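Residues per chain, in single letters:
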Amino acid sequence: MKPPIKLERKFLVIILLAFALIFAGIFMVFRVFHQYENIIIENEDRQLLGLSRSVDRSITSYIQQFSRELKHTLQRNDLDEAETAYRNTGNTEALALQVEGTILSEHPLTYDILCIDNGSILYSSRGKTDYVFPPNAGLEGDVDIRPCVDASGTIYLSFQKGMEGELQYAVLIELTEFYEAVAGNLISGTQDRILLLDAGGRTLLYQTDEGAVATLVQDDTGGIINQDELNALLNCQSQGENVSLFYQAQTSEDGKAYTARMAAIPADGNNGVFTVGASLNYETIKRPIHMSAIRLTAYSSMIVIGILLLAGSILLVARRNARAQQEVLMLREQNLALEAVTKKSQALAHHQRLEIIGTLTSSIAHEFNNLLTPIMGYSILVLEKLPPDAEETYDNVLEIYEASRKAKTIISRLSDLSRKNTPLTFQYISPDDLVVRVLEIAAPAKPPKVEVSHKLQCRHLWVHGNEIQLSQMLLNLVLNAYQAMETEGGTLTITTEPEDDWICLHVADTGPGIDPALLETIFEPFFTTKERGKGTGLGLAIVQQVVKEHHGTVRVHSELGQGTTFTVRLPIPAQEDEHCDNSIS
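Below: a short report on this structure. One numbering rule holds for all chains: residues counted from 1, following each sequence as written. Where local features are concerned, this predicted model is filtered to residues with pLDDT of at least 70; where side-chain atom pairs are given and counted, the filter is 80 or more; whole-chain, interface and lining totals use all residues. Computation of side-chain values: all heavy atoms of the structure, hydrogens and water removed.

### Describing the sheet that holds strand S4 (residues 155–161)
DSSP calls a pair of strands paired once it identifies at least 2 bridges connecting them. Numbering goes from the N terminus for both helices and strands, where a helix is a DSSP run of H or I of at least four residues and a strand is a run of E of at least two. In spatial order, the strands read S2-S1-S5-S4-S3; together these five strands make up an open sheet with antiparallel pairing. The sheet terminates laterally at strand S2 (120–124) and strand S3 (144–149), the two strands that pair on one side only. The sheet shows a mean angle of 35° between the axes of neighbouring strands, taken without regard to direction. As paired elements, S4 and strand S5 (residues 167–174) share six bridges and run antiparallel to each other. Paired with Phe159 across the two strands is Val171, which belongs to S5. Each of strand S1 (110–117), S2 and S5 is contacted by helix H2 (residues 77–89), which is oriented at about 115° to S5, the strand it contacts most. To define axes, lines are fitted to C-alpha atoms, for helices over the stretch in contact only, and angles between the resulting N-to-C directions are given on a 0 to 180 degree scale. Only heavy atoms matter for contacts: two residues are in contact if any of them lie within 4.5 Å across the pair.

Here it is in structure tokens:
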């Protein structure tokens with residue numbers, strides 16, 4: 001009887017473990033979805049704040065435009081003459097003529113232009129004198145910006161300028177049209193909307209089914225304004241900082257309540273006139289998340305139960321496969337060891353080939369230099385002894401000399417590449433000056449369709465290195481970029497910038513880019529993708545050697561059809577020599 005009891009206990013443990021896993025899975029699923037919901041809220045807040053900032057920028061643009069054009073209008077000499085005529089005769093015809101002939105009168109948002117004397121409206125382009133300006137409302141400054149209301153209850157935004165005791169001028173914009181201009185094309189519907197509250201907390205603008213609405217907060221006796229929305233905007237305005245919160249809203253069609261999310265930015269520090277809020281119906285986002293959580297929990301429970309049903313069979317099969325798995329693991333370890341040995345052998349063979357190439361290159365360079373030296377010397381002697389009228393012979397000999405000099409330069413690069421442990425003269429070098437000098441040197445090689453720009457940000461920083469090698473390194477990168485853009489043209493951009501304890505040099509071109517399969521081999525000596533006779537394959541190898549000798553790094557990022565960027569990072573000296581300024585050339 002003992003074995004069945006033990007078996008029952010095992011099954012009981014398995015059942016308890018199954019229920020524990022199910023409940024733990026359900027808990028974790030809801031926890032993950034709660035975290036996901038928080039992420040959604042953060043993303044929505046960023047989008048709402050971005051929408052609010054976009055509206056704020058539009059408001060700022062219109063405010064600056066109207067303020068600037070109003071001040072420009074009042075600076076005209078003809079207006080001063082019209083004011084003088086009014087003071088002398090009391091006739092406002094000259095003032096009306098000057099006001100109607102301005103840029104403001106032609107602006108599509110301009111509703112009316114007023115001329116005011118001691119609070120009395122002398123002239124209105126629409127012939128209206130029933131405007132009322134609420135006291136202590138709006139923004140005072142060089143141009144006063146405040147709301148005003150006419151007898152019909154229509155609310156306007158006024159831009160007013162003029163000294164006390166003198167004539168004042170005002171430009172009126174109907175707030176609903178202003179709202180459509182700054183926010184009308186950014187939203188659709190009324191559950192997702194943008195709200196504007198003036199800095200005095202008197203006027204609120206928002207979207208309805210019928211269109212934009214501007215209303216005085218104190219006149220909202222019918223409860224059209226959502227008090228939670230208004231409180232959020234007033235709270236944002238009083239605190240002077242961004243606000244994000246949930247609140248209960250109602251649909252305009254059937255009054256059904258829903259949860260809304262609002263993000264608002266204050267008027268202070270932004271456009272100065274309106275606090276901007278953007279809200280959305282959060283139910284449309286939350287409901288799919290909750291439904292997905294329920295479905296995923298149900299499906300996960302089914303999967304767990306199925307897994308538990310298969311667990312017994314798996315345990316039986318597992319014992320039979322244990323030995324086979326051990327053998328597979330042993331074979332896999334042996335295979336990995338063989339692969340490691342193979343890679344080390346290949347790396348050693350490659351290193352040996354490079355050493356052989358270096359040794360051979362060094363001897364070839366020495367022999368070629370011995371041959372090129374007399375060629376260049378005798379060419380100079382022949383040039384000096386040629387008579388003045390032997391122009392053709394002079395050109396031919398000069399061509400021999402130039403070809404020999406170019407060959408010697410190539411041999412010098414080969415020699416530099418193969419040289420090891422050669423002592424270098426290091427000094428403090430300005431990376432910005434280095435870029436300028438290299439661009440001047442490379443100027444004759446620049447293709448006509450290539451544009452060159454640079455952004456130098458290391459004016460007061462230095463690198464400790466060999467100026468000749470660093471110049472050669474940067475020159476090779478520049479010439480490679482020129483050759484990449486020689487046919488189609490493009491832009492070469494060189495940037496220097498500090499990054500922690502490093503100075504970064506970015507050489508970016510807009511050429512055809514490099515095949516990703518070739519990126520691992522472009523720094524190998526004698527590797528080139530150029531046509532025969534147009535490259536030696538040593539440029540990038542020398543770049544890598546110079547960077548290593550200066551304890552730096554070089555990286556390349558390239559996309560086909562987008563261009564290539566080489567980034568060289570050189571260390572900033574920890575302690576510069578106190579006489580380093582005298583060493584900089």
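### A closer look at the side chain of His506
One can find His506 in strand S16 (residues 502–509). In this structure the side chain of His506 is engaged in a polar contact, spanning 3.0 Å, whose partner is the side chain of Thr567. Counting of polar contacts relies on pairs of N or O atoms within 3.5 Å, with two restrictions inside protein: one atom must be capable of donating a hydrogen and the other of accepting it, and residues adjacent in sequence are counted only when both atoms are side-chain atoms.

### A short note on the nonpolar core
Ile59, Phe159, Tyr169, Leu196 and Phe274 are the most contacted members of the largest nonpolar core, which totals 54 residues. Ignoring anything within four residues of it in the chain, the contact list for Leu196 reads Val55, Ile59, Tyr179, Val182, Thr203, Leu204, Leu205, Phe274, Thr275 and Val276. The set of buried Ala, Val, Leu, Ile, Met, Phe, Trp, Tyr and Cys residues whose side-chain atoms join them within 4.5 Å is what this entry labels a nonpolar core. Partly exposed residues are those whose accessible area sits between 20% and 50% of the maximum for their type, while under 20% is buried and over 50% is exposed, using a 1.4 Å probe and protein chains only.

### Digging into unusual backbone geometry
Notably, Asp500 is not glycine yet its phi reads approximately 55°, a positive angle. Looking at where Asp500 falls in the secondary structure, it is placed in the loop between strand S15 (490–499) and S16. For His551, which is not glycine, the phi torsion reads 60° and is therefore positive. Among the secondary structure elements, His551 is positioned in the loop between helix H11 (539–549) and strand S17 (553–559).

### Examining the pairing of strand S7 (residues 203–208)
Of all six residues that make up S7, six are buried, and the element is covered over most of its length. By the alternation rule, side chains of S7 split into Thr203, Leu205 and Gln207 and Leu204, Tyr206 and Thr208, which are all buried. Direction of pairing for strand S6 (residues 193–198) relative to S7: antiparallel, over a ladder of two bridges. Bridge pairing links Leu196 to Leu205 in S7. Where S6 folds back on S7, the antiparallel hairpin that results is connected by four residues, among which Gly201 adopts a positive phi of roughly 70°. Where S7 meets strand S8 (residues 211–216), six bridges bridge the pair, whose relative direction is antiparallel. Residue pairing across strands places Thr203 opposite Leu216, the latter belonging to S8.

### Brief notes about helix H10 (residues 467–484)
With 18 residues, H10 should reach 26 Å at 1.5 Å per residue; the first-to-last C-alpha distance of 26 Å fits that figure. In terms of residue burial, H10 counts as a mostly covered element, since 13 of its 18 residues are buried. For H10, the N-terminal capping position is held by Asn466, with its side-chain oxygen 2.9 Å away from the main-chain nitrogen of Gln469. A helix's residues, less one, multiplied by 1.5 Å, set its expected span.

### Quick look at a nonpolar patch on the surface
Patch definition: residues above 30% relative accessible area lacking any salt bridge, with like charges linked at up to 9 Å and the nonpolar side chains Val, Leu, Ile, Met, Phe, Trp and Tyr linked at up to 5 Å. Note on areas: Shrake-Rupley with a 1.4 Å probe; residue coverage comes only from the protein chains shown. Salt bridges are defined by distance alone: a side-chain nitrogen of Lys or Arg within 4 Å of a carboxyl oxygen of Asp or Glu. Judged by side-chain polarity, Ile15, Phe19 and Phe23 come together as a nonpolar surface patch covering roughly 330 Å² of accessible area. When you line up the elements, Phe19 lands in helix H1 (residues 2–74). On the basis of relative accessibility, which here comes to 47%, the residue Phe19 falls in the partly exposed class.

### Quick look at the packing of aromatic side chains
Only the six-membered ring of Trp is used, alongside the rings of Phe and Tyr, when aromatic pairs are assigned; centres must lie within 6.5 Å, and planes under 30 degrees apart are stacked while those over 60 apart are edge-to-face, with the rest tilted. In total, this model carries seven aromatic pairs according to the counting rule given. Aromatic pair Phe523 and Phe566: ring centres 6.4 Å apart, planes at 90°, arrangement edge-to-face. Placement of Phe523 in the loop between S16 and H11 and of Phe566 in strand S18 (residues 563–571) is noted, with a sequence separation of 43 residues between them. The pair formed by Phe523 and Phe566 is uniform in burial state, with each residue classed as buried. Linked through ring pairs, Tyr62, Phe178 and Phe274 together constitute an aromatic cluster.

### Overview of the sheet that holds S6
With respect to topology, six strands assemble into an open sheet ordered S8-S7-S6-S11-S10-S9, the strand pairing being antiparallel. Strands with a single pairing partner mark the edges of an open sheet, and in this sheet they are S8 and strand S9 (243–250). Shown here is a sheet whose adjacent strand axes are inclined to one another by a mean of 25°, direction ignored. Note that S6 and strand S11 (residues 274–281) share six bridges and pair antiparallel.

### Regarding a negative patch on the surface
Together, Asp389, Glu391, Glu392, Asp395 and Glu399 give the surface a local cluster of negative charge. By the secondary structure assignment, Asp395 is in helix H8 (residues 391–418). Counted as positive: Lys and Arg. Counted as negative: Asp and Glu, with His and the chain ends omitted from the count. Charged groups are reduced to one reference atom each: NZ for lysine, CZ for arginine, CG for aspartic acid, CD for glutamic acid.

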